[in-house]
Amino acid sequence: MSTSTTTTVLPSVEAIYKAKMRLRGVAEPTPLTYNYHMSEHYGCRLYFKREDMQVVRSYKIRGAYNKMATVPRDKLANGVVCASAGNHAQGFALACQKMQVKGKVYMPSVTPRQKIKKVNLFGKEWVEVVLTGDTFDDAYHEAVRDAEENGKEFIHPFNDPRTIEGQGTVGLEILEDCNESLDFVFCAIGGGGLVSGLGSYFHQLSPNTKIIGVEPAGAPAMYESLKAGEPVTLEHIDSFVDGAAVRRVGDLTFKIAQQVVDDMVLVPEGKVCSTILQLYNEEGIVVEPAGALTVAALDFYKEQIKGKNVVCILSGSNNDITRTEEIKERSLLYEGLKHYFIIRFPQRAGALRDFLNNVLGPNDDITHFEYTKKHNRDSGPALVGIQLQQWEDYNRLLERMQASKIDYQTLNDSKMLFDLLV
């Protein structure tokens, strides 16, 4: 995507193959499955690389184990440490258990109990979880301090050659399993470990395959870095797609991505939510937000992929069921099917009934209503959420509001008010 003046040596095919040998019996080779319905929809031949079916339900075990397996045993005797609030922690924990190495995972204090429980499940007695600080950065700094002060090996989630080689085994398996030449591989990017490893393997053995990096629109760290020609640190990010939301990509992964990533796609978080629901309802596949990124990107690339052989990597399925309502809400907002308003109703009997009879369409549904009557005023504001069946109904709803002289303000496009009130 950008012109680079520095060339970094890519992880070799041999190094990635050696990582595959180390991972035997640890990380399961995941299936490459042809998806009939979406292939027909996009007019291409579409395959899913099912890393959501990995033993820890994400590809992260590949890099974590490969890194640890290449650390000298005397160094491992001091223990290993990592910082993570997600999939890397689980891969790290399983690696510790498999290798019988004492590990410590630093996680933010706000980490959901479910994630902590899963780390303990995979790590058993070999892993200790330490909750510290309010953010990943807080946990990261504590983990690095522990490693430096106590001579422990820090297992980086992405910015390490051995981690990258382990993630590269995803690309190795794709080329082993696919009998056709591939035109496009869509790969989610967080810190850049997966795209660096996979992209390096394809760059050397299948150079005509285009590697398309996919990031959430609210955390475009690699996109902005490639555009700037150097790693940049984002001041603010939307952390919803937590498996791919980082403020800064790795220095090493950035240099590799400059050479192996052919294009970048940014996907709105609402589109990711719609794709999560689509994959579950139509395909019976459960993915986390980061795992849905690549499939969500297809609509933004639909002309380029017509008639082509395409792979989407479903990178993980560690989704928290408590997020379901938020996922549905974000999807409806993105699709234009849910709208929030501040409406000033006359403080008289029957005002709401008139609104229901004269303004609300036959298929419109009020899903949220907050109103407190104030006796010393002629009218009072209410927060109203309305769900539509078709996005085209929105303009008709506004027309009826204006015809009935309804005093209203839309909230969907006013982020500050929306975040405050909804």
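Look above for the structure.
Remember, it's a predicted structure, so these values are computed and weren't measured experimentally.

1. Considerations on the sheet that holds strand β11 (residues 338–346)
Argument step 1. A sheet is described by the order of its strands in space; here four strands give the open sequence β12-β13-β11-β14, paired in antiparallel fashion. Here the strands that pair on one side only, and so sit at the sheet edges, are β12 (365–371) and β14 (407–410). Here the average twist between neighbouring strands, direction ignored, is 25°.
Argument step 2. The sheet contact formed by β11 and β14 spans four bridges and is antiparallel. Of the residues in β14, the one forming a bridge with Arg-344 is Asp-407.
Argument step 3. Lying on the sheet, helix α15 (residues 351–358) is in contact with β11, β12 and β13 (379–387); it crosses β11 at an angle near 135°.

2. Describing the packing of helix α5 (residues 87–99) against helix α6 (residues 113–123)
Helix-helix packing is described using two parameters, namely the angle between the two axes and the distance between the axes.
Argument step 1. Where α5 meets α6, the closest approach of the two axes is 7 Å, and the angle between their N-to-C directions is 20°. Between α5 and α6, the angle falls in the class roughly parallel. α5 and α6 meet at a crossing whose hand is right-handed. Across from Ala-89, Gln-90, Ala-93, Leu-94 and Gln-97 in α5, the residues of α6 making contact are Lys-118, Val-119, Phe-122 and Gly-123.
Argument step 2. Of the residues assigned to the contact of α5 with α6, the class counts are five nonpolar, three polar and one charged.

3. Observations concerning the packing of aromatic side chains
When we look at a pair of aromatic rings, we describe it by the centre distance and by the angle of the planes.
Argument step 1. With the rule as written, the count across this model stands at nine aromatic pairs.
Argument step 2. On the numbers, 5.6 Å between centres and 85° between planes, the contact of Tyr-140 with Phe-154 is edge-to-face. Note that Tyr-140 is positioned in helix α7 (residues 136–150) and Phe-154 in strand β6 (residues 153–154), a separation of 14 residues in sequence.
Argument step 3. Since its relative accessible area comes to 26%, Tyr-140 is described here as partly exposed.

The rules behind the values
Residues numbered from 1 in each chain as written. Predicted model: local features only at pLDDT ≥ 70, side-chain atom pairs only at ≥ 80, totals over all residues. Heavy atoms only, no water. Pairing = 2+ DSSP bridges. Helix = DSSP H or I, 4+ residues; strand = E, 2+ residues; numbered from the N terminus. Axes fitted to C-alpha atoms, helices over the stretch in contact; angles between N-to-C directions. Contact = heavy atoms within 4.5 Å. Parallel < 35°, antiparallel > 145°, perpendicular 65-115°, else oblique. Left-handed = near helix turned anticlockwise from the far one by under 90°. Nonpolar A, V, L, I, M, F, W, Y, C, P; charged D, E, K, R; others polar. Phe/Tyr/Trp six-rings, centres within 6.5 Å; stacked < 30°, edge-to-face > 60°. Buried < 20%, exposed > 50% of the residue type's maximum accessible area, 1.4 Å probe, protein only.

Structural measurements only, silent on function.
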